[in-house]
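# Structural features, examined
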Amino acid sequence: MVGVAGGVIGAAYVSALRGLEHLIGPDGHSDAVVIGVLVASGLGIAVLIRWLGDPGDVELLVDNIHLTGGSDDSRALRSLIPVSLLGIAAGGALGPEAPLVQTAGTVGTVIGNRARQDPGQRRILTITGMAAAFTVLFGAPLGSAVFAVEILHRRGLEYYEALMPALGGALIGFAVYLGLEQTGFGPVFQLPTSDVGAVSDLGWAAVAATVGSALAVAFTVLVRATRRLVVHLPVFFRPAVGGLVVGLLSLWSVGALTFGEHQLADLALPGVTVSALVAALICKLVASSVCVSTGWRGGFIIPLFFVGAAAGLLLHHALPGVDATMLMACAM
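Values in this document were obtained by computation on a predicted structure and should not be read as measured data.

A few words now on helix α1 (residues 2-24). Taking 1.5 Å per residue as the helical rise, α1 with its 23 residues ought to reach 33 Å, and the 32 Å between its terminal C-alpha atoms agrees with that figure. Against the buried residues of α1 lie α4 (77-89), α5 (97-114), α6 (119-138) and α8 (163-181).

Glancing now at the pattern of salt bridges. One pass over the structure, following the stated rule, counts two salt bridges. Among the salt bridges present, the one from Arg18 reaches Glu181, with a minimum N-O distance of 2.7 Å. Taken together, the positions of Arg18 in helix α1 and Glu181 in helix α8 put the pair 163 residues apart, joining distant regions of the chain. We classify Arg18 as partly exposed; its relative accessible area is 45%. What makes Glu181 buried here is its relative accessible area of 15%. Among the ionic pairs, Arg297 bridges to Asp54, the shortest N-O distance being 3.2 Å. Pair noted here: Arg297 is in the loop between α12 (274-293) and α13 (301-318) and Asp54 is in the loop between α2 (31-52) and α3 (58-67), with a separation of 243 residues, a long-range link.

Attention now moves to the packing of aromatic side chains. Evaluated as defined, the whole model comprises six aromatic pairs. Plain terms: the ring middles of Phe134 and Phe147 are 4.6 Å apart, the flat faces sit at 50° to each other, and that makes the pair tilted. Of this pair, Phe134 sits in helix α6 while Phe147 sits in helix α7 (residues 141-150); the two residues are 13 residues apart in sequence, bridging distant segments of the chain. Here the aromatic rings of Phe236 and Phe237 are separated by 5.4 Å at their centres, their planes lie at 85°, and the arrangement is edge-to-face. With relative accessibility at 25%, the residue Phe236 sits in the partly exposed group. An aromatic cluster is defined as three or more aromatic residues linked by ring pairs; in this entry it consists of Phe134, Phe138, Phe147, Phe189 and Phe305. Sitting over the ring of Phe306, Lys284 keeps its end group 4.6 Å from the ring centre.

About the cut-offs
Residues numbered from 1 in each chain as written. Predicted model: local features only at pLDDT ≥ 70, side-chain atom pairs only at ≥ 80, totals over all residues. Heavy atoms only, no water. Helix = DSSP H or I, 4+ residues; strand = E, 2+ residues; numbered from the N terminus. Expected span 1.5 Å × (residues − 1). Contact = heavy atoms within 4.5 Å. Salt bridge = Lys/Arg side-chain N within 4 Å of Asp/Glu carboxyl O. Buried < 20%, exposed > 50% of the residue type's maximum accessible area, 1.4 Å probe, protein only. Phe/Tyr/Trp six-rings, centres within 6.5 Å; stacked < 30°, edge-to-face > 60°. Lys NZ or Arg CZ within 6 Å of the ring centre and 35° of its normal.

Such coordinate-based values are descriptive only and should not be taken to indicate function.
Structure (structure tokens):
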């Protein structure tokens, strides 16, 4: 049941996002219009939060999974869904993974509550919903099941008993999503064909992974720094200021706009210069940090994938003899 619900929710959310992107997305518009839409969307986010309440976040869901087995307030979804759709569709630098995970995980909790399950069983159903949501976005049921358990902890898989149910729910959710969307199997990110075979590639993979880890630390530091800055702004106007900053960053690089899924393949196109990669990396890193800090709702997994891919290509420019796709994937 949770897998089916995750697939249906994922299909509905993705379809709504595509439709809204067609209306207010940054593609095909002038810089002034893009900045105006981002600022207006920030104001819209503030109004929706004031009207519908706090949408919560994945961090709160994770805390509640540890304490009670799942979400303690399904009413947050009435705010989360419109707020996240508006911000992502307008070109904000956060992705749909966190809102979808929070939504499907909460639905798993609701199903557990209706079935009068104990906290341990509710926890398993909540994790299963999260796995189904991940699968809708990444098309990888096994990886999504592991990640849904892994995201709860920094050491080991404490709730390992949820792994097989999560895999079952992820597979079912993926099948439902494919049926509703009428899409086929294929990679989410279209990267150049990889040619890896030398033992030395393992060493270069470690270098790329170290760079990716450093960028993740940089993102954390940036979020903390921007949060310290925005506390001086009125709460209501923070999302609008965040939209303005993202719009101004887009004047330097379009990498500041959107969560990067459709931009990622363009990074590897012939003719992309080192300066363009550096600008895209910095703008995506700063824009996603600003969005997190100013109240926009969305995930930073895919934006950080974009940052890692850009870093991998920069490594390839410095090490032209090392496979570019391997460096991109390892840094991601």
